[in-house]
Amino acid sequence: MKPNTGTQGNGARVIASYGRHYLIETDEGHRWMAHPRGKKMVAVCGDRVQWSASGDAAVIESVLPRRNCLLRRDAVRTKVFAANIDQILLLVAAEPDFSEEQLARVLIAAEAEQIPAVIAVNKRDLGPAHAKAMARLAPYPQMGYTLLGFSLQGPEAGELDSIRSLLTEKATLVLGPSGAGKSSLINRLVPHAQAETQEISQALNSGKHTTTRTTWYWLDRARNSAVIDSPGFQEFGLQHIEALALASLMPDLRRHIGHCRFHNCTHLHEPDCAVIAAVGAPGPEGIAPQRYRIYQTLFAECSKAREYARGGRPPDWQ
Ligand SMILES: Nc1nc2c(ncn2[C@@H]2O[C@H](COP(=O)(O)OP(=O)(O)OP(=O)(O)O)[C@@H](O)[C@H]2O)c(=O)[nH]1
Ligand SMILES: [Zn+2]
């Protein structure tokens, strides 16, 4: 089917992309292949766009302003996950072991865009290893993040109610390290996901079997709840974040800033620093030592990034 020229100028959402090929879904629910009008236009999954019909395909005329846009940036390039999302579901598991620093990086990037995050720990059937992972993450609910355990295998495998209720009427980006069970979870929530992905990938990449970068799946017929699947990542660069803004993006550090002697305190070495004083302190106001170490590492990384940024060209957007 071809897009009808009579409907041009209407709204749509980008639901998948491969390079500069896009799949859009119109507000009426039709899906068209689309390409952007100008070379400089970059759309990402979740973008709201204006489109018009052009021959067999649709043209994206403009990308509407984004409510938010989750991205990571290293020294060379910027990778965008998705735009206009309501929350992030950060998936880890009892096994394989996950890096708390990677987790912190995702949460900081989300805070920078004011996107709430939920941490879900899969593989509860593994018993003690799961309990250990939950214990490791105990500081996170005190920071305001929802933390829940669940399982896709074993006796509790059918009980996904806690996750499903979190997803209702929201667009949720699912992120997580390899092996945490992201594909298994998406396949459970969206039984047609695999077939849909194959179809979309082939359409976007002229028949070749390639996985799209990011895909938006509806969970309900009314199209009110969605999950957005994105490829795994090895590194989650935060070079778009100002080092001096970092503490305000870590809720356990944030509650102490403003109580330091110096208003421009870096919380690294200054005397009478309220953040340093709270490291290792007991109770919910205390900052876990490993969280402070992550802050130190990221502060150094983000400060170095600014030096590059002053002399270098802007990173590529992908
Ligand atoms: N024991 C146990 N294993 C699980 C559970 N959920 C998923 N797995 C297994 O964990 C492995 C990884 O699951 P995937 O769904 O492929 O994980 P993924 O996060 O998509 O990983 P990548 O494809 O590498 O990105 C698979 O062997 C699953 O069968 C669970 O609840 N319990
Ligand atoms: Zn300080």
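Residues numbered from 1 in each chain as written. Chains lettered and ligands numbered in written order. Predicted model: local features only at pLDDT ≥ 70, side-chain atom pairs only at ≥ 80, totals over all residues.

A. Examining the overall build of the protein more closely. Counting secondary structure elements, the protein contains nine helices and 14 strands. Since a compact globule built from 318 residues should have a radius of gyration of about 20 Å, the 21 Å found for the protein is in line with a globular shape. Its C-alpha atoms give the protein principal-axis dimensions of about 65 × 55 × 30 Å. By the burial criterion, 35% of the 318 residues in the protein qualify as buried. Considering only intrachain contacts with a sequence separation of at least 6, the fraction spanning at least 24 residues in the protein is 64%. (Helix = DSSP H or I, 4+ residues; strand = E, 2+ residues; numbered from the N terminus. Rg over C-alpha atoms; globule rule 2.2 N^0.38 Å. Buried ≥ 20, exposed ≤ 12 C-beta atoms within 10 Å, placed from the backbone. Contact = placed C-beta atoms within 7 Å.)

B. Quick peek at the environment of Asn10. Its location among the elements puts Asn10 in the segment before strand S1 (11-18). Distance from Asn10 to His240, taken between C-alpha atoms, is 33 Å for residues 230 residues apart in sequence. Non-local contacts of Asn10, meaning those with residues more than four positions away in its chain, are made with Thr26, Asp27 and Trp51.

C. Broad picture of the pairing of strand S8 (residues 87-93). Most of S8 sits out of view: six of its seven residues are buried. Direction of pairing for S8 relative to strand S11 (residues 171-175): parallel, over a ladder of four bridges. If you follow Leu89 over to S11, its bridge partner there is Val174. Relative to strand S9 (residues 117-122), S8 is paired through six bridges, and the arrangement is parallel. Across the sheet, Ala93 pairs through a bridge with Asn122, a residue of S9. Regarding topology, helix H1 (residues 100-112) serves as the crossover connection from S8 to the parallel S9, and that connection is right-handed. (Pairing = 2+ DSSP bridges. Right-handed = clockwise from strand over helix to strand, strands pointing away.)

D. Main features of the UniProt feature "binding site: Zn(2+)" (unreviewed entry) in the protein. Under the present numbering, the feature "binding site: Zn(2+)" (unreviewed entry) in UniProt falls on Cys260, Cys265, His267 and Cys273. By the element assignment, Cys260 lies in the loop between helix H7 (251-254) and helix H8 (274-278). Apart from the residues lying within four places of it in its own chain, the contact partners of Cys260 are Cys265, His267, Glu270, Asp272, Cys273, Ala274 and Val275. Within the secondary structure layout, Cys273 lies in the loop between H7 and H8. Excluding residues within four positions of it along the chain, Cys273 makes contact with Cys260, Cys265 and His267. (UniProt positions renumbered as here; feature names shortened; annotations may be inferred.)

E. Molecular detail of the site of ligand 1. Surveying the vicinity of ligand 1 reveals 16 residues, the closest of which are Ser178, Gly181, Lys182, Ser183 and Ser184. The element contributing the most residues to the shell around ligand 1 is helix H5 (residues 182-189), with three residues. By residue class, the composition of the shell around ligand 1 is three nonpolar, ten polar and three charged. (Near = placed C-beta within 6 Å. Nonpolar A, V, L, I, M, F, W, Y, C, P; charged D, E, K, R; others polar.)

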